[in-house]
Each structure stands twice: as C-alpha cells, then as structure tokens.
Amino acid sequence: MQATVKLPKAFSLRDENEFYPVQHLMARLNPKLLVAHVTTGRHVAGGPTVIWGIVYLDGQPLSRAAVEHALKEAGFDFAHNAPIQASSLWDANAQTVTV
C-alpha cells in the first residue's frame, strides 16, 4: 500500500513520555521521518495545555510558514498561545515536501 503525505505534519501529545513511541512509529514507517518537539499550548477546542510536535523529512529544512501551517491544520490555538520558538527547525527558503 502506498500513501501520499504532505510534510510537515503537526500533532499534540498529553505528556513528554509519548514522544518516544511516536518517534519509533515514524522511524518504522520511513527511516527518513523525524519527529521534533515544537511548543506547548492549547488546542482551539480548549482543554489543558499539551505538547505539540512535528513530523518532517530528514534533510528537508522547514520554513516557519510550513511549521505554522501544520500547527494550524492540527488545531494549535495561535490566538491564546505564546509565539512558536522552534527557529532551529526552520529555514527561510524551505518548501513543504511530499513523501
């Protein structure tokens, strides 16, 4: 089976201990998929503060716009959370990639 996925994709987790299983799953799906912690904050639907991560392709630099788009798509509440501080992840010239 094949699938097309636009990267990066953001997701939220309840606590830090859930990152390892997500990283393991992504590595099993495709060794080039990386998982990184991006920020903490609330979902647009409310609830407690959660940890937000991102899945991206190894060797493909991320743009700030791509990271913010992925977070918005996943439900990150930009209106009520602090600005994203993941500048080590993105590159101003990067593009969204498809795997």
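What you see is a predicted model, and the numbers here were worked out from it, not measured in a lab.

1. Section: the overall build of the protein chain
On a plain count of helices and strands, the protein chain comes out with 2 helices and 5 strands. Looking at the protein chain alone, contacts between residues at least 24 apart form 62% of all its contacts between residues at least 6 apart. A total accessible area of about 6400 Å² is found for the protein chain, and carbon and sulfur atoms account for 53% of it.

2. Side note on the pattern of salt bridges
This structure, assessed with the given rule, holds 3 salt bridges. For R64, the salt bridge goes to E68, with nearest N and O atoms at 2.9 Å. Of this pair, R64 and E68 both sit in helix α2 (residues 64–74), 4 residues apart, which is roughly one turn of that helix.

3. Some details on the side chain of S63
Tracing the backbone through its elements, the reader meets S63 in the loop between β4 (46–57) and α2. Overall, the relative accessible area of 9% leaves S63 in the buried class. A polar side-chain atom of S63 sits 3.0 Å from the main-chain amide nitrogen of A66.

4. Observations regarding the packing of aromatic side chains
Two descriptors summarise a pair of aromatic rings, namely the distance from one centre to the other and the angle between the planes of the rings. Counting across every chain of the model gives 3 aromatic pairs. Relative to F19, the ring of F11 has its centre 5.8 Å away and its plane inclined at 50°; by these criteria the two rings are tilted. Pairing F76 with F78 gives two aromatic rings, centres 4.8 Å apart and planes at 80°, and the pair type is edge-to-face. By relative accessible area, which is 2% here, F76 ends up buried.

5. A look at helix α1 (residues 19–29)
By the burial criterion, the buried members of α1 are F19, V22 and M26. For α1, the angular spread of the buried residues around the axis is 65°, confining them to a single face. Set apart from the buried face of α1 by more than 90 degrees, the exposed residues are Y20 and R28. Contacts made by the buried residues of α1 are with β2 (9–13), β3 (33–43) and β4.

6. As for the side chain of N81
When you line up the elements, N81 lands in the loop between α2 and β5 (97–98). Looking at N81, its side chain comes within polar contact range of the main-chain nitrogen of R42, at 2.9 Å. Sequence-distant contacts of N81, that is, excluding residues within four places in its chain, are made with G41, R42 and F76.

About the cut-offs
Position labels on residues start from 1 in each chain and follow its written sequence. In keeping with the model being predicted, local features are shown solely for residues with a pLDDT of at least 70 and side-chain atom pairs are shown and tallied solely at 80 or more, while totals for entire chains, interfaces and linings include all residues. As a rule here, side-chain values come from all non-hydrogen atoms in the structure, and water together with hydrogens is ignored. Starting at the N terminus, helices and strands are each numbered in turn, a helix being any DSSP run of H or I of at least four residues and a strand any DSSP run of E of at least two. When checking whether two residues touch, look at their non-hydrogen atoms; a contact exists if any pair is within 4.5 Å. Reported accessibility uses the Shrake-Rupley method at a 1.4 Å probe radius. Residues are deemed covered only where the shown protein chains occlude them. What makes a salt bridge here is a side-chain nitrogen of Lys or Arg within 4 Å of a carboxyl oxygen of Asp or Glu, nothing more. Relative accessibility under 20% of the residue-type maximum defines a buried residue, over 50% an exposed one, and the middle range a partly exposed one, all with a 1.4 Å probe and only protein chains included. Pairs of N or O atoms within 3.5 Å make up the polar contacts considered here, provided that, within protein, one atom can donate a hydrogen while the other can accept it, and that residues adjacent in sequence are counted only when both atoms are side-chain atoms. Planes of paired rings set the category: under 30 degrees apart is stacked, over 60 is edge-to-face and the rest tilted, where pairs are Phe, Tyr or Trp rings (Trp by its six-membered ring) whose centres lie within 6.5 Å. Throughout, the arc means the angular range of directions from the helix axis out to the C-beta atoms.

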